[in-house]
Amino acid sequence: MQNTAATPAPMLTPPTSSALGAKPAAAAFRPGAPQATSVIGTDLVIQGNLISKGEVQIEGEVQGDIHATHVIIGERARVTGGVVAEECVIRGHLLGTVRGRRVLLQGSAHVEGDVYHQTMAIEQGAFFEGKSRRTDDPLSGIARSERTPEPAHSLVAPGSPPPLT
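Residues numbered from 1 in each chain as written. Predicted model: local features only at pLDDT ≥ 70, side-chain atom pairs only at ≥ 80, totals over all residues. Heavy atoms only, no water.

**Student:** Can you break down the side chain of Glu 59 residue by residue, with the values?
**Tutor:** Inspection of the secondary structure assignment puts Glu 59 in the loop between strand E6 (55-58) and strand E7 (61-63). Here Gln 57 takes part through its side chain, which lies 2.7 Å from a polar atom of the side chain of Glu 59. If we skip the residues at most four places from it in the chain, Glu 59 touches Val 39, Ile 40, Gly 41, Thr 42, Gly 74, Glu 75, Arg 76 and Ala 77. (Helix = DSSP H or I, 4+ residues; strand = E, 2+ residues; numbered from the N terminus. Polar contact = N/O pair within 3.5 Å; in protein donor to acceptor, adjacent residues only side chain to side chain. Contact = heavy atoms within 4.5 Å.)

Okay, structure coming up:
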C-alpha cells in the first residue's frame, strides 16, 4: 500500500528586523546570499582577516579586517582592524576604519577610527572618536588587494628565479 499522506509545506521564516529599520528576510535583502549568519562566539579570538559573502556577527574578539555584506559587532565584542560592509551595526568596541553604505553606532558602541559611509546614524550614548566622511560609494576607495586577496605564494630562496604565476 502506498503512503499518500501529504508532506507538510516548509515553514517560511518571518521577516527579521534590523537596527536600521525593518527589512525582509536575509535572502530577500541580499539576493543570492546564504541565509545563515556566521557567528564569532564570545569565547573565540580570531587573529587574521575575515572574508564572507554573507552576514557576520562578532561576539568575541577579532584582530584583523572584516569584509562581509552585513557585519554586526556585538556589545561585548572587540575588533581591532578595518570593517568593510554594505551594512554595519556596531554595538561593541572597534579600533579601526569602517567603510559601509549604511553604518549604525548603537548606544553601547565605542569606535575609534574613521567612518566612510553613505548613511550613518549615531545613537545617544555611543562613543565615536574619528572622522565621519560621507561619500557616494564608500566601498570604492578600497585598494584591489583589500577587496580580493591575492593567492599566497611560497617563499623563494635568494638567487632563485621568481615563482611562475
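**Student:** So what about the nonpolar core? Which residues, and what values?
**Tutor:** One finds Ile 58 and Ile 90 to be the most contacted residues of the largest nonpolar core, which totals 24 residues. Those elements that place two or more of their residues in this core are E6, strand E9 (70-73), strand E11 (83-90), strand E13 (98-105) and strand E15 (115-122). The greatest single-element share of this core, amounting to four residues, is contributed by E11. When residues no more than four places from it in sequence are discounted, the contact partners of Ile 90 are Ile 73, Val 98, Leu 104, Leu 105, Gln 106, Ala 109 and Val 111. (Core = buried A, V, L, I, M, F, W, Y, C linked by side-chain atoms within 4.5 Å. Buried < 20%, exposed > 50% of the residue type's maximum accessible area, 1.4 Å probe, protein only.)

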